[in-house]
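Below, each chain spelled out in residue letters.
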Amino acid sequence: MASALENEANSPKNVFILSGQSNMAGRGGVEKHHWDGVVPIECSPDASRVFRFSAHLHWEVAREPLHHDIDAKKTCGVGPGMSFANAIKDRVEVIGLVPCAVGGTAIKEWAHGEHLYVNMIKRARASMHHGGEIKALLWYQGESDTLSQHCADTYKANMEKLIHTVRADLHLPSLPIIQVAIASGDKKYIEKIREVQKAIDLPNVVCVDAMGLQLKEDNLHLTTEAQVKLGQMLADAYLTHFAPQEPSAAVASS
C-alpha cells in the first residue's frame, strides 16, 4: 500500500509534524511493555485521507501506533495524532502525519545539531518532496526537564531557540507551533515547566493544557481516553488559530 502513495499525485498536501517525548509518541493502552491493541473509533484509520510518514520516508495509511517505528526502543500505543487528524479532516484535505517523538528525551536532546533534531528536520524536509506543505508542529515534551532546577531554569530559552531554529531550517518563519503544557513529571519542578510553556509569547505559538487529563497508574503517561481528548484539543487549537476559515461559514450565517 505504501508504494502506491509515493508518487506526487497521491502524497498528502497538508503535513503535520508530531514531536516531543513519550506522551506524543503515545503510551495509551500500554501495560508491562505490551499494547492492548484497542483503537478507539476516534483513532480509526482513514485510507483515503490520513497518512503517516514511515521511518523509511514513505507515505502509508496512518494507523495506531503511529510511532511504532520511530520510538522503536519502547512499546508505543495510542497517542494524540490520529484523533487530531480525524478531528480536522473535514476541514483539511489529505492529511500527512510525520511522527518524530522519542520517549524520555529532554529539551537539550532536541537542540540544533543533536541527533533527534537532525532526524526531525530530515523527516520534515522529506515529507515535502512531493508538494506537501507543513501546516504545524505539534509538540508535547517537558516531563524529563522537571527533574532538575537547571533544566527547569533553562527550559524557556531552549524551547524558544528550538522554535526559531526549526522555522529557520525549514524556511517557514511563521510555522504554527502547538505545544502541550505537561500534565505529569517531578513535582518539584513541574509547575515551573508548565508556567514557561503557557507563557511563551512568540507569533503563531499556542499552548494546549493537558493538566486534568487522566493519567495511567504510572502517573506519567496519558490513558487512551485522555490521548483521544488531547488530540481533539490540539485539533480545536489548530482549527481556531491556523486553519483556513470554511468558505461556507459566511453564507450560512447570512
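Computed from a prediction, not measured in an experiment: that's the story for all the values here.

A.B. asks: How should the overall build of the protein be read in this particular structure?
C.D. replies: Within the protein one finds 7 helices and 9 strands. Its C-alpha atoms give the protein a radius of gyration of 17 Å, near enough to 18 Å, the size a compact globule of 254 residues would have. Taken over the C-alpha atoms alone, the protein extends approximately 50 × 40 × 40 Å along its principal axes. Among the 254 residues that make up the protein, the fraction classed as buried is 54%. The long-range fraction of contacts in the protein, counting pairs at least 24 apart against all pairs at least 6 apart in sequence, stands at 76%. Total accessible area computed for the protein in this model is approximately 11,700 Å², and 52% of it derives from carbon and sulfur atoms. With 25 positive and 30 negative side-chain charges, the protein shows a separation of 3 Å between the mean positions of the two kinds.

A.B. asks: Mind showing me how you'd approach the pairing of strand β9 (residues 205-209) here?
C.D. replies: As judged from the 5 bridges shared by strand β8 (residues 177-181) and β9, these two strands associate in the parallel manner. By the bridge assignment for β9, glutamine 179 is matched with cysteine 207. Assessed by its sense of winding, the connection that carries the chain from β8 through helix α5 (residues 190-199) to β9 is right-handed.

A.B. asks: For this particular structure, what's the right way to read the packing of helix α3 (residues 115-127) against helix α4 (residues 149-169)?
C.D. replies: Geometry of a packed helix pair, given as the angle between the helix axes and the separation of the axes. Running from amino to carboxyl end, α3 crosses α4 at an angle of 40 degrees, the nearest separation of the two axes being 11 Å. For the crossing formed where α3 meets α4, the hand is right-handed. Every residue of α4 that contacts α3 at Tyr117, Met120, Ile121 and Arg125 is listed here: Leu162, Thr165, Val166 and Asp169.

A.B. asks: Where do I start with the environment of valine 180 in this structure?
C.D. replies: One can find valine 180 in strand β8. On the basis of relative accessibility, which here comes to 1%, the residue valine 180 falls in the buried class. Separated by 40 residues in the primary sequence, valine 180 and tyrosine 140 have C-alpha atoms spaced 4.9 Å apart. Excluding its chain neighbours within four sequence positions, the residues that come into contact with valine 180 are Trp139, Tyr140, Gln197, Cys207, Val208, Ala210, Leu230 and Leu234.

A.B. asks: Any chance you could explain the confidence of the model for the protein here in plain terms?
C.D. replies: Do not read the predicted coordinates in detail wherever pLDDT is low. Here the protein averages 94 in pLDDT, while 93% of its residues score no lower than 70. Counting interchain partners and residues more than four positions distant, the pLDDT-below-50 stretch residues 249-254 has 0 contacts.

A.B. asks: Teacher, can you tell me more about the pattern of salt bridges here?
C.D. replies: Enumeration over the complete set of coordinates arrives at 11 salt bridges. The shortest N-O distance in the salt bridge between glutamate 60 and arginine 52 comes to 2.5 Å. A relative accessible area of 23% means that glutamate 60 is categorised as partly exposed. Relative accessible area serves as the criterion here: at 1%, arginine 52 is assigned to the buried category. Note that aspartate 69 and arginine 52 form a salt bridge whose closest N and O atoms lie 2.5 Å from each other.

A.B. asks: Explanation requested: the nonpolar core in the structure shown.
C.D. replies: Burial of nonpolar side chains together is a common tendency in soluble globular proteins. By size, the foremost hydrophobic cluster in this structure holds 76 residues, and its most contacted members are Leu97 and Tyr238. Residues contacting leucine 97, with those up to four places away along its chain left out, are Phe16, Leu18, Val50, Phe51, Arg52, Phe53, Trp59, Leu66, Gly81, Met82, Phe84 and Ala85.

A.B. asks: What is the right way to look at the UniProt feature "domain: Sialate O-acetylesterase" (unreviewed entry) in the protein in this model?
C.D. replies: In this numbering, the UniProt entry assigns the feature "domain: Sialate O-acetylesterase" (unreviewed entry) to residues 13-239. The straight-line gap between the two end C-alpha atoms of residues 13-239 is 17 Å; of that span, 32% is helix and 18% is strand.

A.B. asks: Explain the packing of helix α2 (residues 81-88) against helix α6 (residues 224-241) to me, please; I cannot follow it from the model alone.
C.D. replies: Packing of α2 against α6 brings their axes to within 7 Å, and their N-to-C directions diverge by 45 degrees. The angle between the axes of α2 and α6 places the two elements in the oblique class. Remark: the crossing between α2 and α6 carries right-handed chirality. Residues Ser83, Phe84, Ala87 and Ile88 of α2 pack against Gln227, Val228, Gly231, Gln232, Leu234, Ala235, Tyr238 and Leu239 of α6. Looking at side-chain class alone, the contact of α2 with α6 contains 8 nonpolar, 4 polar and no charged residues.

Analysis parameters
- Residues numbered from 1 in each chain as written.
- Predicted model: local features only at pLDDT ≥ 70, side-chain atom pairs only at ≥ 80, totals over all residues.
- Heavy atoms only, no water.
- Helix = DSSP H or I, 4+ residues; strand = E, 2+ residues; numbered from the N terminus.
- Rg over C-alpha atoms; globule rule 2.2 N^0.38 Å.
- Buried < 20%, exposed > 50% of the residue type's maximum accessible area, 1.4 Å probe, protein only.
- Contact = heavy atoms within 4.5 Å.
- Areas by Shrake-Rupley, 256 points an atom, 1.4 Å probe, with all protein chains shown as cover.
- Lys, Arg positive; Asp, Glu negative; His and termini not counted.
- Charge placed at Lys NZ, Arg CZ, Asp CG, Glu CD.
- Pairing = 2+ DSSP bridges.
- Right-handed = clockwise from strand over helix to strand, strands pointing away.
- Axes fitted to C-alpha atoms, helices over the stretch in contact; angles between N-to-C directions.
- Left-handed = near helix turned anticlockwise from the far one by under 90°.
- pLDDT = per-residue confidence, 0-100.
- Salt bridge = Lys/Arg side-chain N within 4 Å of Asp/Glu carboxyl O.
- Core = buried A, V, L, I, M, F, W, Y, C linked by side-chain atoms within 4.5 Å.
- UniProt positions renumbered as here; feature names shortened; annotations may be inferred.
- Parallel < 35°, antiparallel > 145°, perpendicular 65-115°, else oblique.
- Nonpolar A, V, L, I, M, F, W, Y, C, P; charged D, E, K, R; others polar.

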